[in-house]
Amino acid sequence: MLKKIALFAFMVMSLAMVRPASSLANDWWIFVGAGTGTEDAAVGDLTLRTTFDFFNYENDWISIQPLAELSLNYWHHDSDDEILGGTLSGGLLLVFPREGWWRPYISGTFGGSFQGGTSIGTHDLGQHFQFRSKAALGVQFGETFRHSLQIDAAHFSHAHMNNDNDGFNMFMVSYGFRF
């Protein structure tokens with residue numbers, strides 16, 4: 001257990017220090033989330049998110065940007081089952097510009113995920129590779145909109161590539177910081 005926590009802490013610190021240089025990148029965010037999942041598992045998530053400038057639609061009502069996320073996730077069940085995994089995904093960010101110190105947004109992503117385990121509680125994921133779909137509803141706030149609070153819902157499944165496909169759902173609250 002202690003080794004897994006130390007490994008997770010190392011991965012979190014490593015991800016937090018990484019900021020790849022790219023002429024296409026627009027904003028870089030780091031999100032930390034906690035919540036609950038299937039089988040009443042406690043879940044944690046650390047996500048590095050960037051948006052891209054190559055397509056950015058904007059008018060008075062909405063701004064649409066493609067985004068990419070690299071996530072570390074941790075699931076813990078009362079039976080001492082734990083799963084540590086990672087996800088690489090892409091999607092869209094829809095921001096609703098407005099006057100004032102806050103602005104709402106919606107995001108959706110889809111990607112591949114590799115989990116270090118295949119079962120948690122009585123749930124059998126069937127294999128290590130999973131697909132993750134995630135939706136978030138949030139608000140950016142502060143003088144330069146550098147802070148964010150969001151509600152996340154995510155589903156992990158391998159799309160019946162194996163006989164066992166119980167899937168895993170997670171619901172979290174996340175805090176983000178643009179750097």
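Look up a bit, the structure's there.
## Brief notes about the overall build of the protein
Okay, so step 1: Regarding its fold elements, the protein presents one helix and eleven strands.
Okay, so step 2: From first element to last, N terminus to C terminus, the protein shows the α and β order α-β-β-β-β-β-β-β-β-β-β-β.
Okay, so step 3: Counting over 179 residues, the protein shows a buried share of 43%.
Okay, so step 4: In the protein, once contacts between residues fewer than 6 apart in sequence are set aside, the share between residues at least 24 apart is 59%.
Okay, so step 5: By element, 65% of the accessible surface of the protein is carried by carbon and sulfur atoms, the whole surface being about 9,400 Å².

## Details of the pairing of strand β4 (residues 63–76)
Okay, so step 1: Within β4, eleven of the 14 residues are buried, which leaves the element mostly enclosed by the surrounding structure.
Okay, so step 2: Pairing geometry for strand β2 (residues 41–52) and β4, over ten bridges, is antiparallel. Residue Ala42 lies in a different strand from β4, and its bridge partner there is His76.
Okay, so step 3: Remark: four residues form the turn of the hairpin made by strand β3 (residues 57–58) and β4, two consecutive strands paired antiparallel.
Okay, so step 4: Bridge count between β4 and strand β5 (residues 82–95): 14 bridges; the pairing is antiparallel. Along β5, the bridge assignment pairs Ser71 with Thr87.
Okay, so step 5: Between the end of β4 and the start of β5, which pair antiparallel, lie five residues, with Asp80 showing a positive phi angle near 70°.

## Section: the pairing of strand β6 (residues 102–115)
Okay, so step 1: With eleven bridges connecting them, β5 and β6 associate as antiparallel partners. Note on β6: the bridge partner recorded for Gly90 is Phe110.
Okay, so step 2: Between the antiparallel neighbours β5 and β6 lie six residues, among them Gly100 with a positive phi of about 115°.
Okay, so step 3: Examined bridge by bridge, β6 and strand β9 (residues 129–141) share 13 bridges and lie antiparallel to one another. Within β9, the position partnered with Phe114 by the bridge is Phe129.

## Details of the nonpolar core
Okay, so step 1: In this structure, Ala41, Val43, Trp75, Ile83, Ile120, Leu125, Ala154, Phe156, Phe168, Met170 and Met172 together form the largest nonpolar core, which totals eleven residues.
Okay, so step 2: For this core, the elements supplying multiple residues, two or more each, are β2, β10 (147–157) and β11 (168–178).
Okay, so step 3: Element by element, the count of residues in this core is highest for β11, at three residues.
Okay, so step 4: For Ala41, the contacting residues outside a window of four places in its chain are Gly35, Thr36, His76, His77, Ile120 and Phe168.
Okay, so step 5: With six residues, the next largest nonpolar core counts Trp29, Phe31, Leu67 and Tyr105 among its residues.

## A word on a nonpolar patch on the surface
Okay, so step 1: A grouping of Leu149, Ile151, Val173 and Tyr175 is seen on the molecular surface, where their side chains present a nonpolar patch of about 380 Å² in accessible area.
Okay, so step 2: For the nonpolar patch, the secondary structure elements donating two or more residues are β10 and β11.
Okay, so step 3: You can see Val173 is positioned in strand β11.
Okay, so step 4: Val173 sits in the exposed class, given a relative accessible area of 52%.

## Comments concerning the pattern of salt bridges
Okay, so step 1: Tallied over the full model, the rule gives three salt bridges.
Okay, so step 2: With a closest N to O distance of 2.9 Å, Glu69 and Arg49 form a salt bridge. One end of the pair, Glu69, is in strand β4; the other, Arg49, is in strand β2, and 20 residues separate them in sequence. Considered together, Glu69 and Arg49 belong to a single accessibility category, that of buried residues.
Okay, so step 3: The partner of Arg132 in a salt bridge is Glu69, and the shortest N-O contact between them spans 3.1 Å. Pair noted here: Arg132 is in strand β9 and Glu69 is in strand β4, with a separation of 63 residues, a long-range link.

Conventions used here
Residues numbered from 1 in each chain as written. Predicted model: local features only at pLDDT ≥ 70, side-chain atom pairs only at ≥ 80, totals over all residues. Heavy atoms only, no water. Helix = DSSP H or I, 4+ residues; strand = E, 2+ residues; numbered from the N terminus. Buried < 20%, exposed > 50% of the residue type's maximum accessible area, 1.4 Å probe, protein only. Contact = heavy atoms within 4.5 Å. Areas by Shrake-Rupley, 256 points an atom, 1.4 Å probe, with all protein chains shown as cover. Pairing = 2+ DSSP bridges. Core = buried A, V, L, I, M, F, W, Y, C linked by side-chain atoms within 4.5 Å. Patch = residues over 30% accessible without salt bridge, like charges linked within 9 Å, V, L, I, M, F, W, Y side chains within 5 Å. Salt bridge = Lys/Arg side-chain N within 4 Å of Asp/Glu carboxyl O.

Worth remembering: the numbers are spatial, not functional.
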